[in-house]
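Summary of the model geometry
Each chain, letter by letter, is given below.
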Amino acid sequence: MILFRPFLMPSLALGVLVVCLCLPQQVLAASRAPQFSESGMVASRSGWASQVGADILAAGGNAVDAAVAVGFALAVTYPSAGNLGGGGFMVIHMADGTVDTNDHRERAPLAATRDMYLDEHGDVIEGLSTASHLAVGVPGTVDGLLAVLEKYGTMTRAQVIDPAIRLASVGIRLDRDLAGQFERRLKDFAPYPASMGVFSNKGKPWQVGDVFKQPDLAATLRRIKRHGREGFYAGKTADLLVAEMQANDGLITHEDLAQYRSVWRQPVRGTYRGHEIVSMPPPSSGGVLLVQMLNMLESRDIAASGFGSAATVHAMVEAQRRAYADRAEYLGDPDFFPVPVQTLTSKDYAEQRYADFDPDKASLSEDIGAGEIPLESPDTTHVSVMDAAGNAVAYTTTLNLSFGAKMVAAGTGVLLNNEMDDFSAKENTPNFYGLLGRTANAIEPGKRMLSSMTPTIVLKDKQPLLVTGSPGGSTIITTTLQVVINVIDHGMDVADAVASPRFHHQWQPTRILLEQRGLSPDTLSALAAKGHTEITPIPSFLGRGIGDANSVMRTKQGIVGAADPRNAGAAIGVP
Ligand code: GLY
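These notes cover the structure that comes with them. Predicted model only: the values in this text are computed from it and were never measured.

**What about the overall build of the chain?**
- Tallying secondary structure elements over the chain gives 20 helices and 25 strands in all.
- Its C-alpha atoms give the chain a radius of gyration of 22 Å, near enough to 25 Å, the size a compact globule of 575 residues would have.
- By principal-axis analysis of the C-alpha atoms, the chain measures approximately 65 × 60 × 45 Å.
- Taking the contacts inside the chain whose residues are at least 6 apart along the sequence as the reference set, 73% of them involve residues at least 24 apart.

**Here's the deal with helix 4 (residues 157–169)**
- In this model, helix 4 (13 residues) spans 18 Å end to end at C-alpha, consistent with the 18 Å of a helix rising 1.5 Å per residue.
- In the structure, helix 4 departs most strongly from a straight axis at Pro163, where the bend amounts to approximately 25°.
- Residues Val160, Ile161, Asp162, Pro163, Ala164, Ile165, Arg166, Leu167 and Ala168 constitute the buried set of helix 4.

**Describing the nonpolar core**
- Judged by nonpolar contacts, the single largest core of 81 residues is most densely connected at Phe72, Leu84, Phe199, Leu221, Val385 and Val393.
- Looking at which element gives the most residues to this core, the answer is helix 2 (residues 63–77), with 12 residues.
- When sequence neighbours within four positions are dropped, the list of residues in contact with Leu84 reads Phe72, Ala75, Pro139, Thr141, Val142, Leu217, Thr220, Leu221, Ile224, Phe232 and Val414.
- Among the nonpolar cores identified, the runner-up in size contains 58 residues, and Tyr272, Met316, Ala497 and Ala562 belong to it.

**Thoughts on the sheet that holds strand 6 (residues 40–44)**
- Read across the sheet, seven strands follow the order 11-8-7-15-14-6-25 without closing on themselves; strand pairing throughout is antiparallel. Each edge of the open sheet carries a strand with a single partner, namely strand 11 (263–265) and strand 25 (570–573). The average angle at which neighbouring strand axes cross in this sheet is 15°, direction not considered.
- Looking at chain direction, strand 7 (residues 87–93) and strand 15 (residues 392–398) are connected through seven bridges and run antiparallel. By the bridge assignment for strand 15, Val91 is matched with Ala394.

**Looking at the packing of aromatic side chains**
- In the structure shown here, the tally under the stated rule is 12 aromatic pairs.
- Ring geometry for Trp206 against Phe212: centres 5.7 Å apart, planes inclined by 80°, an arrangement best described as edge-to-face.
- Judged by relative accessible area, which is 0%, Phe212 ranks as buried.

Calculation criteria
- Residues numbered from 1 in each chain as written.
- Predicted model: local features only at pLDDT ≥ 70, side-chain atom pairs only at ≥ 80, totals over all residues.
- Heavy atoms only, no water.
- Helix = DSSP H or I, 4+ residues; strand = E, 2+ residues; numbered from the N terminus.
- Rg over C-alpha atoms; globule rule 2.2 N^0.38 Å.
- Contact = heavy atoms within 4.5 Å.
- Expected span 1.5 Å × (residues − 1).
- Bend = angle between axes of the 7 residues up to and from the residue.
- Buried < 20%, exposed > 50% of the residue type's maximum accessible area, 1.4 Å probe, protein only.
- Core = buried A, V, L, I, M, F, W, Y, C linked by side-chain atoms within 4.5 Å.
- Pairing = 2+ DSSP bridges.
- Axes fitted to C-alpha atoms, helices over the stretch in contact; angles between N-to-C directions.
- Phe/Tyr/Trp six-rings, centres within 6.5 Å; stacked < 30°, edge-to-face > 60°.

In structure tokens, the structure reads:
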């Protein structure tokens with residue numbers, strides 16, 4: 001992993017950022033080793049973005065200022081998931097004990113209809129919900145980040161957006177990670193000239209060492225800095241977004257953009273062995289399922305059965321199987337569907353749902369419920385931030401698939417999401433990615449599509465202990481579960497908790513995804529003896545594996561950050 005020399009020089013004494021217009025230089029390889037700081041920590045998928053956050057903290061900003069600045073920076077330096085044209089969820093803990101969440105998930109356009117992806121025979125038209133202008137949900141990120149800054153931040157718009165503007169206009173020197181991402185997607189960008197204008201060098205792949213500038217994106221960021229949400233949802237940016245839609249049979253109108261507002265929602269809360277869990281409520285399924293699974297697992301002595309043992313994996317898989325079956329039936333946008341959050345997250349319900357758990361025998365998914373929830377896209381990204389004062393932010397953001405719909409809206413530099421595919425296109429029929437259709441998550445105008453994003457803060461004695469979350473589609477929730485269990489039950493430090501091998505079960509299909517070499521052969525035999533015979537190995541090395549859980553934890557030694565070693569992120573502390 002690559003870090004770079006700071007190019008914003010924070011001056012604590014003056015509380016300002018002194019700007020250096022020089023190109024950010026890559027200087028140092030990060031490692032699996034945890035990073036320590038007394039003063040604040042940012043862990044994200046992008047070294048450039050983590051450095052922006054650490055600079056903001058060093059200049060006197062709080063964790064919210066840093067998270068917002070990282071959010072804007074990720075749109076520039078990690079465009080496969082960081083975004084202005086997508087959506088996200090932020091879980092916030094303020095030092096005074098306030099907990100809050102901001103939902104800036106995309107919404108279906110007002111002209112969207114339940115059957116918009118079906119042909120005249122009622123069959124799903126392949127690709128329409130992922131690779132067409134109909135795939136695009138009304139973006140929420142800009143409204144969300146600005147709302148969060150206004151409610152809990154201390155800095156000005158300019159202070160948190162300027163670093164992203166500089167990264168876009170001065171440019172960044174491409175490393176192997178980013179140049180590789182662009183090259184791998186070149187054929188997907190090819191139909192869209194505006195995308196090729198950004199992610200290719202005049203039609204040829206960008207090379208490692210090239211300076212990558214995004215002038216249109218810098219101009220859009222400047223409009224947001226100057227005019228706030230109106231710089232995106234109205235005026236020139238809105239005109240360009242709507243023109244892109246009108247020229248390509250998309251649905252988003254000026255009215256959709258003007259109406260979009262992020263929503264403040266009460267977090268989902270739970271407890272686990274003396275810790276408090278604070279996570280994202282619907283329209284994410286993440287927080288509900290995380291609390292539900294922890295409630296079920298509290299009845300098992302996970303610490304005694306040990307990390308990676310057949311008994312522990314079996315107990316966790318059975319909790320996952322039951323929780324994901326409920327996801328398909330009950331989870332959707334709470335503004336449109338009555339999601340039974342209280343019931344699903346109650347200890348009583350977990351006891352009843354787990355009552356048929358047999359420590360010696362795998363259950364059959366057919367007996368647990370019908371349906372299929374296959375693997376979703378892994379292209380989302382997670383940021384964890386803690387500051388010295390006790391503020392903490394868990395932020396997960398996405399365009400859905402890698403680089404979203406692969407379309408840059410001409411003239412804006414903004415990549416468009418294809419989040420509409422997270423809806424169920426047809427009742428009880430798997431969509432393009434195999435998700436089953438259900439009423440709870442059917443398309444309706446203005447509705448938010450169901451998500452798995454699980455930004456989570458774990459509190460101990462009312463103080464933030466752990467900030468975590470992950471990309472990975474449906475595996476987001478089980479990745480977050482494993483980081484939490486690794487810390488609380490297995491006593492791991494945050495670096496081990498994040499690096500340890502992962503597995504995943506989602507009820508349907510009936511199989512365990514397992515990172516290669518994640519369990520020993522005799523553990524696999526013991527699991528097979530219980531009935532877990534379908535185990536699919538997932539390669540786990542740079543850029544592969546289950547999840548990317550860049551996390552931060554408070555310890556007696558200070559604040560510790562861990563970049564997930566599966567990818568090229570970075571945890572950077574305030575010096
Ligand atoms: N697009 C992935 C998610 O929101 O779960």
